Amino acid sequence: MDLALELIHATVQLEQPQADGTRTVGTGFLISSPREDGRPRTVLVTAQHVFARMSSPEARIGYRTPNADGSWAYAPKTLRIRADDGAELWTTHPTRDIAVLEIKAPREFARAALPLAYLADDATFSAYQVGPGDEMMALGFPRGLSANSAGFPILRSGRVASFPLGPADRFPTFLLDFTVFPGNSGGPVFITRQQNPGALSPVSDAAPGQGFIAGLLTQWVDLNRERLDIGVVTHARYVREAIAQLSAPPPETEIAETAPAVEGGAASAEAAAETP
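Residues numbered from 1 in each chain as written. Predicted model: local features only at pLDDT ≥ 70, side-chain atom pairs only at ≥ 80, totals over all residues. Heavy atoms only, no water.

A. Representation of the overall build of the chain within the structure. Looking only at helices and strands, the chain has five helices and 17 strands in total. Classification of the 276 residues of the chain by burial places 48% in the buried group. By sequence separation, contacts in the chain at least 24 residues apart represent 67% of the contacts at least 6 residues apart. Carbon together with sulfur atoms contributes 51% to the accessible area of the chain, which is approximately 13700 Å² in total. (Helix = DSSP H or I, 4+ residues; strand = E, 2+ residues; numbered from the N terminus. Buried < 20%, exposed > 50% of the residue type's maximum accessible area, 1.4 Å probe, protein only. Contact = heavy atoms within 4.5 Å. Areas by Shrake-Rupley, 256 points an atom, 1.4 Å probe, with all protein chains shown as cover.)

Written out as structure tokens, the structure reads:
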């Protein structure tokens, strides 16, 4: 199966109705990350601000079910994201706008979750020589819209618009030249074999072959209230780190005695970015 189709099946709409009749909407996708003892585990990945903007304990996750005639039906389910006292049930990356939540997905969706190995790291970008001008694809639900009544995400594309792309610890995000709307946040950004036919090899569960997830969409660029039609993508490496936190003991909290120094540099698009 082509990676684009695999990710379409693994991508879901996240929403929470508000008292004024509107909805808070975002995008998430599913990753299969077995526990250390080998037991299966399905992890929902999204942007942290998507959950943060949902104040009630329960949201809805947009599952889809196949019908006997080959069609699909939209079948959203309740997703618990906060405890009764409002405490967050998701895990947040310590420095990036990424949230992960272990979920019990329906069997079809648990099978659709992509292996952890599909998440790129610095070596992936180097091995496949990803650079400015390369086309990537993104899945999401712009302004809460889906591709059809079955609730499938909308697939769009854009070109890498920044350099350099790594290393991720120095450049944790990169730019994508395409229009971002509210509802796109948390959606996967990926590259397929069809886009780079000479660089990618046949797929396996152990390593990215037919393509890989480059990151997730977390922001758009807005300068003096003028939207520049540029998306900000957070590297998939940080998704890996957030998932690893699910099994790690909580770190000890330390209070800094002095404020950290601010590193100088040119005015950047990242500095002007806003969350959709």
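Let's pick the thread back up.
B. Focus on helix α1 (residues 3–10). The element α1 is largely enclosed, with a buried count of six among its eight residues. By the burial criterion, the buried members of α1 are L3, A4, E6, L7, I8 and A10. The distance from a side-chain oxygen at the start of α1 to the backbone nitrogen of A4 is 3.0 Å, and the residue carrying that oxygen is D2. (Polar contact = N/O pair within 3.5 Å; in protein donor to acceptor, adjacent residues only side chain to side chain.)

C. Structural context of the packing of aromatic side chains. For the coordinates displayed, the defined rule picks out six aromatic pairs. Relative to F212, the ring of Y128 lies with its centre 5.5 Å away and its plane at 15°, an arrangement referred to as stacked. One end of the pair, Y128, is in the loop between α4 (122–127) and β11 (135–140); the other, F212, is in strand β15 (residues 211–223), and 84 residues separate them in sequence. Per residue, the accessibility class of Y128 equals that of F212, and both read buried. Ring-pair connections join several aromatic residues into one group, and the members of that group are F125, Y128, F174 and F212. Its guanidinium or amino end placed over the ring of Y238, R96 lies 6.0 Å from that ring's centre, counting from NZ or CZ. Above the face of the F171 ring, R170 is positioned so that its terminal group lies 5.2 Å from the ring centre. (Phe/Tyr/Trp six-rings, centres within 6.5 Å; stacked < 30°, edge-to-face > 60°. Lys NZ or Arg CZ within 6 Å of the ring centre and 35° of its normal.)

D. Here's a closer look at the nonpolar core. The biggest cluster of nonpolar side chains holds 27 residues, and the ones touching the most others in it are I31, V45, L114, L119, I213 and I243. Going through the elements one at a time, α1, β2 (23–32), β3 (42–46), β11, β15 and α5 (237–245) are the ones with two or more residues in this core. The element best represented in this core is α1, accounting for five residues. Every residue in contact with I31, bar those within four places of it in the chain, is listed here: R41, T42, V43, V45, A113, L114, P115, L116, L119, I213 and I243. Within the second largest apolar cluster, 20 residues are counted, among which are A59, L79, I81 and W90. (Core = buried A, V, L, I, M, F, W, Y, C linked by side-chain atoms within 4.5 Å.)

E. Focus on unusual backbone geometry. Here the bond from F163 into P164 is cis, since omega is -5°, no more than 30 degrees from zero. By secondary structure assignment, the location of P164 is in the loop between β12 (154–160) and β13 (173–177). In this structure, R143 is a non-glycine residue whose phi angle is positive, near 55°. The topology assignment puts R143 in the loop between β11 and β12. Note on R143: relative accessible area 55%, which makes it exposed. The phi torsion at D229 lies on the positive side, around 55°, for a residue other than glycine. Looking at where D229 falls in the secondary structure, it is placed in strand β16 (residues 226–235). On the accessibility criterion, D229 (37% relative accessible area) is partly exposed.

F. Geometry of the environment of F181. Secondary-structure assignment places F181 in the loop between β13 and β14 (188–192). The class for F181 is partly exposed, based on a relative accessible area of 27%. The spacing of F181 and R143 is 38 residues in sequence and 6.1 Å in space, taken between C-alpha atoms.

G. Spatial organisation of the pattern of salt bridges. For the structure shown, the criterion picks out eight salt bridges. Linking R39 and D37 is a salt bridge whose minimum nitrogen-to-oxygen distance equals 2.7 Å. With relative accessibility at 48%, the residue R39 sits in the partly exposed group. Between D122 and R237 there is a salt bridge, and its shortest N-O distance comes to 3.6 Å. With D122 in helix α4 and R237 in helix α5, this pair connects stretches of sequence that are 115 residues apart. By sharing partners, the salt bridges in this structure join E15, R23 and R60 into a single network. (Salt bridge = Lys/Arg side-chain N within 4 Å of Asp/Glu carboxyl O.)

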